[in-house]
Amino acid sequence: MAKTTLKYLKERSEKKVVGLHQTIASKALQLVEMAYNKGYYIAITQGLRTFPEQDALYAQGRTKPGKVVTNAKGGQSIHNYGFAFDFAVFDENQNPVWTGNTYNKVGALGKQLGLEWGGDWKNFKDLPHFEYTFALTLKQLQAGKRPPGSAVIGTVPNSNNYLDKGDQGTLVKGLQGKLQALEFNIGSTGIDGFFGAATEKAVKEFQKKHGLKVDGIVGTATQSKIDAEYKKLSEKPTDKTKWRLVTGTFQNAEQLANAIKRLKKDHGWLTYEKAESLDPNPTYRIMTGFFIGKDVAEKAAAELRKDYGWTVYVKEA
Ligand SMILES: [Zn+2]
């Protein structure tokens, strides 16, 4: 019979903290070690649960066979947001132990780490459960609120083969990065690895724009369209002609200098000052270096018009 070693418990646990917020993931692993040093063999058996996983769990004992194990549907559990984990106690031969006082002992240890223990709950005691939500309520989490610096661990094992609201991890980050590059608004927290309301909205807008079913779920069709659109961005333009941007006029040399500074800082483009005439009151414009491809130049011009409110012309060079 295999012996229960700390290495065994840690390896088992490390797989389960994938997708958890970094702070709670490290507390979970710390707890495994603390408990082991006190002679309690525990491993993390559940961390992040995606919304579909939660729904499946909810169905158990209701519309599916088995015993009821949760009162939470998808989105109603702290697990769905990566701020909760469950542990199990093992004997020295790697067999799980479901009874005994060890759960209470480990509960006390976890509280030393600042974790909230399910065993302290009044209505429904959940002895193997810990959570740490940075004082955010479930309601706030549901509304998309997240603690600052919401780094998540590793990739979410994507057993569902799709991404949707409530998912988190590297796959979500990849999705958000592409949507942002394609100029869809993924929300104020940016590429944070959380598929919240803003990411869902961006997905729906993408789907609408490309004639896909607007359901906010990134399945095969939506994913391949996103990938294709994203790939287009990095492809060389078919149009090899050279274009420049020329701005409208600036009032004086000082305004011109400030505008050039701003362009350099935001875009790093090569710029030229363009004095229109040799008369005592010349008009000042900025001319950029070359853009290869008219669509590229047009895109840059549109950006300046939008961000700076300038008049910008696209001229063949
Ligand atoms: Zn739990």
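Note that this is a predicted model, so its numbers are computed, not measured.

A few points about the overall build of the protein
Looking only at helices and strands, one finds 10 helices and 10 strands in the protein. Taken across its 317 residues, the protein has 32% of its residues classed as buried. Long-range contacts, defined as pairs at least 24 residues apart, comprise 58% of the intrachain contacts of the protein with a sequence gap of at least 6.

Points about the environment of Val296
Mapped onto the elements of the fold, Val296 is located in helix α10 (residues 294-308). In sequence terms Val296 and Leu233 are 63 residues apart; their C-alpha atoms lie 9.9 Å from each other.

Details of helix α3 (residues 51-59)
Within the sequence span of α3, burial applies to Gln54, Leu57 and Tyr58. Along the axis of α3, the buried residues cluster in a sector spanning 100 degrees; they form a single face. Looking at the residues trailing α3, positive phi occurs at Gly61, about 85 degrees.

Considerations on unusual backbone geometry
Even without a glycine there, the phi angle at Gln94 is positive, about 70 degrees. Residue position: Gln94 is located in the loop between β2 (84-90) and β3 (96-97). Residue classification places Gln94 among the partly exposed positions, given that 16 C-beta atoms sit within 10 Å. Positive phi, close to 70 degrees, is recorded for Glu183, a residue that is not glycine.

Focus on the packing of helix α2 (residues 22-37) against helix α4 (residues 102-112)
Two numbers describe how α2 lies on α4: the axes approach to 10 Å, and their chain directions differ by 130 degrees. Here α2 lies oblique to α4, going by the angle between them. Judged by the twist between their axes, the crossing of α2 over α4 is right-handed. Across the interface between the two elements, Leu31, Met34 and Ala35 from α2 touch Val106, Leu109 and Gly110 from α4.

Focus on the pairing of strand β6 (residues 242-247)
Side chains Trp243, Leu245 and Thr247 of β6 all project onto a buried face; the interleaved residues Lys242, Arg244 and Val246 project onto a face where none is buried. Across 5 bridges, the pairing between β6 and strand β10 (residues 312-316) is antiparallel. Across the sheet, residue Leu245 finds its bridge partner in β10, namely Val314.

Comments concerning the nonpolar core
Within the largest apolar cluster, 31 residues are counted, with the highest numbers of intra-cluster contacts made by Ala28, Val32, Ile42 and Phe85. At the level of elements, α2, β1 (41-46), β2 and α4 are the ones that each hand at least two residues to this core. Per-element accounting of this core gives the leading share, 7 residues, to α2. Excluding residues within four positions of it along the chain, Ile42 makes contact with Leu9, Val32, Ala35, Phe87, Ala88, Val89, Phe90 and Val106. Judged by nonpolar contacts, the second largest core, of 14 residues, contains Leu163, Ile186, Val203 and Val218.

Description of the packing of helix α1 (residues 6-16) against α2
Angle between the axes and distance between the axes are the two parameters that describe a pair of packed helices. Relative to each other, α1 and α2 sit at 160 degrees, their axes nearing to 10 Å. As summarised for this structure, α1 and α2 are arranged roughly antiparallel, according to the angle between their axes. Crossing of α1 against α2: the hand is right-handed. Across the interface between the two elements, Leu6, Leu9, Lys10, Ser13 and Glu14 from α1 touch Ala28, Leu29, Val32, Glu33 and Tyr36 from α2. Looking at the contact of α1 with α2 residue by residue, the class counts come to 6 nonpolar, 1 polar and 3 charged.

Calculation criteria
- Residue numbering note: each chain is counted from 1, following its sequence as written.
- Where local features are concerned, this predicted model is filtered to residues with pLDDT of at least 70; where side-chain atom pairs are given and counted, the filter is 80 or more; whole-chain, interface and lining totals use all residues.
- Under the DSSP-based scheme used, a helix requires at least four consecutive residues in state H or I and a strand at least two consecutive residues in state E, with every element numbered from the N terminus.
- Any residue whose C-beta has 12 or fewer other C-beta atoms within 10 Å is treated as exposed, any with 20 or more as buried, and any in between as partly exposed, C-beta atoms being built from the backbone.
- It is the C-beta atoms, placed from the backbone, that decide contacts: two residues are in contact if theirs lie within 7 Å.
- Here the arc refers to the set of directions running from the helix axis out to each C-beta atom.
- For helices, the axis comes from a line fit to the C-alpha atoms of the stretch in contact; other axes are also lines fit to C-alpha atoms, and the angle between any two N-to-C directions lies between 0 and 180 degrees.
- Here is the rule for angles: anything less than 35 degrees is roughly parallel, anything more than 145 is roughly antiparallel, 65 through 115 is roughly perpendicular, and the remaining ranges are oblique.
- Take the far helix as your reference; a near helix turned counterclockwise from it by less than a right angle gives a left-handed crossing, and one turned clockwise gives a right-handed crossing.
- A pair of strands counts as paired when DSSP detects no fewer than two bridges linking them.
- When buried Ala, Val, Leu, Ile, Met, Phe, Trp, Tyr and Cys residues are joined through C-beta atoms within 7 Å, the set is termed a nonpolar core.
- Under the scheme applied here, ten amino acids are nonpolar (Ala, Val, Leu, Ile, Met, Phe, Trp, Tyr, Cys and Pro), four are charged (Asp, Glu, Lys and Arg), and all others, including Gly, are polar.

On their own, these measurements won't tell you what the molecule is for.
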